[in-house]
Amino acid sequence: MANDLIYRFYAELRNYKPKTGRRFEVSAEITTAQLDRILSVIFDLPHKSRYCFDIHVEENFKVCVGEYIDNEVNQKALTMFRENPERAFCRIELRTDNDYTPAGWSEDAETTVLKNVLTCENERMTYVCDGRPIDVKLEKITQNKLPEKGVPRVTGGNGIDVAQINERLKHC
């Protein structure tokens, strides 16, 4: 049994009809490059596509501090975001991509560990693969009680064969 954290996500294709969402679990220890491969399988996206994760740091900060948003330290952080808007946004992508990172900074997907990106339940990010945005929300953080090979795994979604996707995830 692994003793790392398990992240349960809900991901949904943005502006897509019919509504297409997936609920899945992964180890918090994976890199965002590994998360890309998992999302590619879950949503049946082209393998080795160009992708990025857009993190709205300021919004996630507000989610994490919650009811303590008005304390002095947190207000200083919000002031920092207002005075330095480039700190309120982060893009995670492969360093080989020569994409322009708008108003923020960029991290390398191969070395960025998921638990260092999202730390609180209800934080969000946007995964963009070949121009298709997918909204990703961290729903729940739990201590791993599954065997090593228990994650990644899909736990639900509309219009999908969960068993078939989980079989494909075994190769991620």
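Before any of the text, the structure's been laid out above.
Residues numbered from 1 in each chain as written. Predicted model: local features only at pLDDT ≥ 70, side-chain atom pairs only at ≥ 80, totals over all residues. Heavy atoms only, no water.

A.B. asks: Hey, could you run me through helix α4 (residues 162-169) in this one?
C.D. replies: Residues separated by three or four positions in an α-helix point in the same direction, a consequence of the helix having 3.6 residues per turn. Of the residues making up α4, those classed as buried are I165, N166 and L169. One side of α4 carries all its buried residues, which in axial view fall inside an arc of 100°. On its buried side, α4 packs onto β2 (21-27), α1 (32-42) and β8 (153-157). Sitting at the amino-terminal end of α4 is D161, which places a side-chain oxygen 3.2 Å from the backbone nitrogen of A163. (Buried < 20%, exposed > 50% of the residue type's maximum accessible area, 1.4 Å probe, protein only. Helix = DSSP H or I, 4+ residues; strand = E, 2+ residues; numbered from the N terminus. Arc of directions from axis to C-beta. Contact = heavy atoms within 4.5 Å. Polar contact = N/O pair within 3.5 Å; in protein donor to acceptor, adjacent residues only side chain to side chain.)

A.B. asks: Teacher, can you tell me more about the state of the cysteines here?
C.D. replies: In protein structure, a disulfide is the covalent linkage between the sulfur atoms of two cysteines. Tallying each qualifying case throughout the model produces one disulfide. Across the disulfide from C64 sits C120; the S-S distance is 2.4 Å. Disulfide C64 to C120: torsion about the S-S bond roughly 125°, handedness right-handed. Residue C64 is located in helix α2 (residues 57-65), and its partner C120 is located in the loop between β5 (105-108) and β6 (124-129); the two are separated by 56 residues in the primary sequence. Note on C64: relative accessible area 29%, which makes it partly exposed. Note on C120: relative accessible area 22%, which makes it partly exposed. With no disulfide partner, C52 has as its closest neighbouring cysteine sulfur the one in C129, 9.4 Å distant. (Disulfide = S-S within 2.5 Å.)

A.B. asks: In this structure, what is going on with the nonpolar core? I would like to understand it.
C.D. replies: A general tendency of soluble globular proteins is for nonpolar side chains to be buried together. Among the nonpolar cores identified, the biggest contains 34 residues, and F9, F24, V26, L35, F53, M125 and Y127 are the most heavily contacted of them. Sorting the residues of this core by element identifies β1 (5-13), β2, α1, β3 (51-55), β4 (90-93), β6, β7 (132-143) and α4 as the ones contributing at least two each. It is α1 that provides the largest number of residues to this core, a total of six residues. With residues up to four places along the chain from it excluded, the contact list for F9 reads R22, R23, F24, V26, L114, L118, M125, V136, K137, L138 and E139. (Core = buried A, V, L, I, M, F, W, Y, C linked by side-chain atoms within 4.5 Å.)

A.B. asks: Any chance you could explain the pattern of salt bridges here in plain terms?
C.D. replies: A side chain of one charge can pair with a side chain of the opposite charge if their charged atoms are brought near each other. In total, this model carries eleven salt bridges according to the counting rule given. Residue K62 pairs with E59 through a salt bridge whose shortest N-O separation is 3.7 Å. One end of the pair is K62 and the other is E59, both in helix α2 and three residues apart, which spans about a single turn. Take E59: its relative accessible area is 45%, and that puts it in the partly exposed class. Through salt bridges with shared partners, one network takes in R8, R23 and E139. (Salt bridge = Lys/Arg side-chain N within 4 Å of Asp/Glu carboxyl O.)

A.B. asks: What exactly am I supposed to notice about the packing of α2 against helix α3 (residues 72-83) here?
C.D. replies: Each packed pair of helices is defined by two parameters, the angle between the axes and the distance between the axes. α3 packs onto α2 with a crossing angle of 170° between their chain directions and a minimal axis gap of 11 Å. Relative to α3, α2 is oriented roughly antiparallel. Taken together, the residues of α3 that come into contact with α2 (itself represented by V57, E58, F61, K62 and V65) are N74, A77, L78 and F81. (Axes fitted to C-alpha atoms, helices over the stretch in contact; angles between N-to-C directions. Parallel < 35°, antiparallel > 145°, perpendicular 65-115°, else oblique.)

A.B. asks: Help me understand the packing of α1 against α4, please; the structure alone is not making it clear to me.
C.D. replies: At their nearest, the axes of α1 and α4 sit 9 Å apart, and the two run at 145° to each other. When you trace α1 past α4, the crossing you get is right-handed. Between α1, through I38, V41 and I42, and α4, the contact on the second element is made entirely by I165, R168 and L169. Looking at the contact of α1 with α4 residue by residue, the class counts come to five nonpolar, no polar and one charged. (Left-handed = near helix turned anticlockwise from the far one by under 90°. Nonpolar A, V, L, I, M, F, W, Y, C, P; charged D, E, K, R; others polar.)

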